[in-house]
Structure formats: C-alpha cells, structure tokens
Amino acid sequence: MAQTVMVLFGGVSTEYLISLRSAFNIIGGLREAGFQVVRVGITPKGEWFRYEGPDEAIPEDKWQAIARAAADMPVPAGLQVRSPRDLIISLCGCVPDCIFPAVHGINCEDGALQGLLTLTGIPYVGCGVLASAAGMDKLHAKIVFRHARIPQCRFTSVSRADIKRNVEKVADQVAAAVGYPCFLKPNNGGSSVGTCRAADRAGLIAALREVSQYDRNVVIEEFVRAREIEVAVMGNDKPKAALLGEVATSQQVTYYDYEAKYFMPDGAEVIIPAALDDKTSARIRRYALKAYKALGCAGLSRVDFFISRDNGAVYINEINTLPGFTPISLFPKAFAASGVPLAQLVKRLCRLAIQEREATSRRELI
C-alpha cells in the first residue's frame, strides 16, 4: 500500500480555481489516512513547483508566491532530468508510491496529463489516456454511449469554422436538428464553463458565437426540463456506484452553470440519496456502470443524467473522469453517504491506482 502520495494540483485550465479547492480536501483526506503527502502545483502558465507552505494557501491561490520563493530547491544528488519519471523524482525528492491528480479540465483530465504520467511508470489515480480523452470529448463520448445503447436527448455539433463562415446557415441547421430551447456546450470542457441556453434564433446565433470561443467544436442538445441526477462510480474491473445524488437548483437559477456551481451560496444543493423509486434508481445505476465500462474508465468517474419532468424519460448527459472534490462536490459526498468517508475514499483510490498499474503492465522486450 502506498505511503508517499504526490498530489498534483492547478493546471493550465479554465478550471484552475476548482482544482485548488479539490486539492485542499484531497490533501486533508490523505493526511488523515496516514499518508506522507508531497504537493506539486502547476501554475496557469504551465510552471511546475513543489509546494511546502500551508495547505490553506492553496484554495486561496496564494501558493504560487510561496512556491516561487522556494523554487531553488536542490535536485537529488546525481539526478539528471532526462525523462518524465526524472521530473517527478526531482520535484518530490523520491519516487512516490502514487500520484493523485487533483486537477480538472483541458490539459488536466483530457488525456494529455495522463499520457505524461503514464510515461513515468508511477501509478496515478483515475482513468488512463483513452478514457480520459474520450470522456472529455463530449461528442466522442456521445458516440460511445449511442453504441452502448444508453438513451440520450437529441444532439448535434458544429464547428467554429462553419460558425464563422455562415452563422445564419448553422443556426437554421441546428434548429432543424434540435429545436428550441436548446443548450450549447464547448465540445471539450467542464464545470459548465462556456455553456449557454438559447430560446430562439437570435439567442442561438449569439450563443453559437459565444460558445465557439471556448472550443473549435460546439455541441448543441435539446433543452430538457429535467431533474439532474449524478452517479459517483469507483473501481477498475468491477466498479461500484455510490448512492445517487440529485442537484437541486434554486428558483433564481436558470440552469446549473459555472456560477451556480461554485460562486452562488444558494445556487444549488446536492441531495443524497436522490428521491427516486427503486426501479428508476436501479436503471440509472445500471446505465452509469455501462457508460463507465464502455469508455474503459478506471479508478473513478461521475456519470450525470437527466430525468425529464414531462415524461420521466432518463437520458445520460455526460461523464466526468476526474470529478471535483470540493466541499460541495457530489463524488466525495455520495461515497460518504454510502459509508466511505473521505480518508477511506482517497486511500481506496490510491490502492486502485496501484492495482491498475500492475494490471496494465507489459512484458518488456528490451
């Protein structure tokens, strides 16, 4: 079992600030579980620093100044940084037993960072390159879900190039495929950053121009008047789902966007367990595990669903392969309600990371 865990936080991502909040809680859980924790932060400019200051400075985003002041830490004697593994050793001063990426969004959970961590040969928490990339790419994930026969609401996608070329034509095509109202998302992104709702043609044209600034492709879905159900899943070959949670937004919130999630004290609350009948709960749990396996996930993910308020239909919304660990995040709260408190949860995730590394190791032919 791992003894030294490197927690990686921050990142060149629109979800940088959310990562800091997740990291603070993960670090606390690891300490409570008895681990030696090495903290490494990535600035919004992409610089990597070992951080030795107080944990409390991380969520306040005051860690950078402290880390920079101590940046001239000596490299372990005899070590020359010639590989990703050497980079980790130079930052940690040792080979950690496990790496816990407390990061979110582009460059962090889209397979890019996972590729780097895979090259270190050190176990890391969460999905591998393929599942991470597929989960972040919403259109690709929808294609996988369609092949897995998991119900989804109507959707289409358009490119930034087409929007720039003729936004009027694109709006007509979207209206024909999806209708009004509709919901627009950057194809790659998270925490509802850059999302928009359009109720008519003028709103759709404005939303297409706005959302296309965040990604080269935009996904547009029919707007479902729905309850939002989230499922925390943990495991490798035999994943398990926690109690289902429901995100209940306040009346002042039109939809659960970035502001409502993280910066409105009364924007929404998470209800665990969700008030659902046994049959509906079992169906959603089954779909969540099916989606998890279809994408090839490992370690953890959160799978989000809609339940139509009009006809009770269940639709998968998306999957998040590195869900938040903030105080309001569903993933840790759902497992806590299921009998797995934070310290035990992060310990299990580290163990799963080590098991996954052993299971995916290959014979060397050198």
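In short, a report on the structure. Given the structure is predicted, the values throughout are model-derived calculations rather than measurements. (Residues numbered from 1 in each chain as written. Predicted model: local features only at pLDDT ≥ 70, side-chain atom pairs only at ≥ 80, totals over all residues. Heavy atoms only, no water.)

## Observations regarding the state of the cysteines
This is how the line gets drawn: Criterion for a disulfide: a pair of cysteine sulfur atoms at a distance within 2.5 Å. Partly exposed describes any residue whose relative accessible area lies between the buried limit of under 20% and the exposed limit of over 50%, with all areas from a 1.4 Å probe on protein chains only and scaled to the type maximum.
Here the structure, examined in full by the defined rule, presents zero disulfides. Considering cysteine sulfurs only, C196 is the nearest to C182, which forms no disulfide, with 10 Å between them. Exposure remark for C182: the relative accessible area of 0% places this residue in the buried category. As a non-bridged cysteine, C350 has C98 as the owner of its nearest cysteine sulfur, 4.1 Å distant. Residue classification places C350 among the buried positions, given a relative accessible area of 0%.

## Let's talk about the layout of surface pockets
To keep things clear, this is the line we draw: For cavity detection a 1 Å grid was placed over the protein atoms alone, and a set of points counts as a cavity when a 1.4 Å probe fits there but cannot get out; an open set counts as a pocket when protein lies on both sides within 12 Å along at least five of seven lines, with lining residues being those that have an atom within 4 Å of a point. Grid points are joined across faces, edges and corners, and a volume is the space filled by probe spheres set on the points. The secondary structure listing takes helices from DSSP runs of H or I that are at least 4 residues long and strands from runs of E that are at least 2 residues long, numbered from the N terminus. In this classification, the charged set is Asp, Glu, Lys and Arg, the nonpolar set is Ala, Val, Leu, Ile, Met, Phe, Trp, Tyr, Cys and Pro, and all remaining amino acids, among them Gly, are polar.
Approximately 540 Å³ is the volume found for the second largest pocket. Along its surface, the second largest pocket is lined by 23 residues, and T118, Y124, E356, R357 and T360 are the ones closest to its centre. Elements with a minimum of two residues in the lining of the second largest pocket: α4 (112–120), α5 (129–136) and α12 (342–360). Take the lining of the second largest pocket: its biggest share by element is five residues, from α12. Partitioned by chemical class, the residues of the lining of the second largest pocket number eleven nonpolar, eight polar and four charged.

## Side note on the packing of aromatic side chains
The cut-off we apply is this: Centre distance within 6.5 Å is the pairing criterion for rings of Phe, Tyr and Trp, where only the six-membered ring of Trp is used; planes under 30 degrees apart are then read as stacked, over 60 as edge-to-face, and the remainder as tilted. Note on geometry: a ring has a charge over it if NZ (lysine) or CZ (arginine) is within 6 Å of the ring centre and within 35 degrees of the ring normal.
Overall, the coordinates contain six aromatic pairs when judged by the stated rule. Judged by centre distance (5.0 Å) and plane angle (75°), the rings of F9 and W63 are edge-to-face. Of this pair, F9 sits in strand β1 (residues 4–10) while W63 sits in helix α2 (residues 63–69), and the two are 54 residues apart along the sequence. A relative accessible area of 0% places F9 in the buried class. Measuring from ring centre to ring centre gives 6.3 Å for Y51 and W63, while their planes differ by 80°; the resulting arrangement is edge-to-face. Here Y51, found in strand β3 (residues 48–51), pairs with W63, found in helix α2; they are twelve residues apart in sequence, far enough to count as distant. For W63, a relative accessible area of 0% puts it in the buried group. One aromatic cluster in this structure is built from F100, F325, F331 and F335. The ring of F155 has K142 sitting right over it, with the charged end atom 5.0 Å from the ring centre.

## A word on the packing of helix α3 (residues 84–92) against α4
What counts here: Fitted lines through C-alpha atoms give the axes, limited to the stretch in contact for helices. The angle between two N-to-C directions lies from 0 to 180 degrees. If an angle is under 35 degrees, it is roughly parallel; if it is over 145, roughly antiparallel; if it lies from 65 to 115, roughly perpendicular; otherwise it is oblique. In what follows, a contact means two residues having at least one pair of non-hydrogen atoms within 4.5 Å.
Between α3 and α4, the shortest axis-to-axis distance is 7 Å and the interhelical angle comes to 90°. By the angle class used here, α3 and α4 are roughly perpendicular. Facing P84, R85 and I88 of α3, the residues of α4 in contact are L116, L119 and T120. Residues belonging to the contact of α3 with α4 are distributed by class as follows: four nonpolar, one polar and one charged.

Any functional reading would require information beyond the geometric quantities listed.
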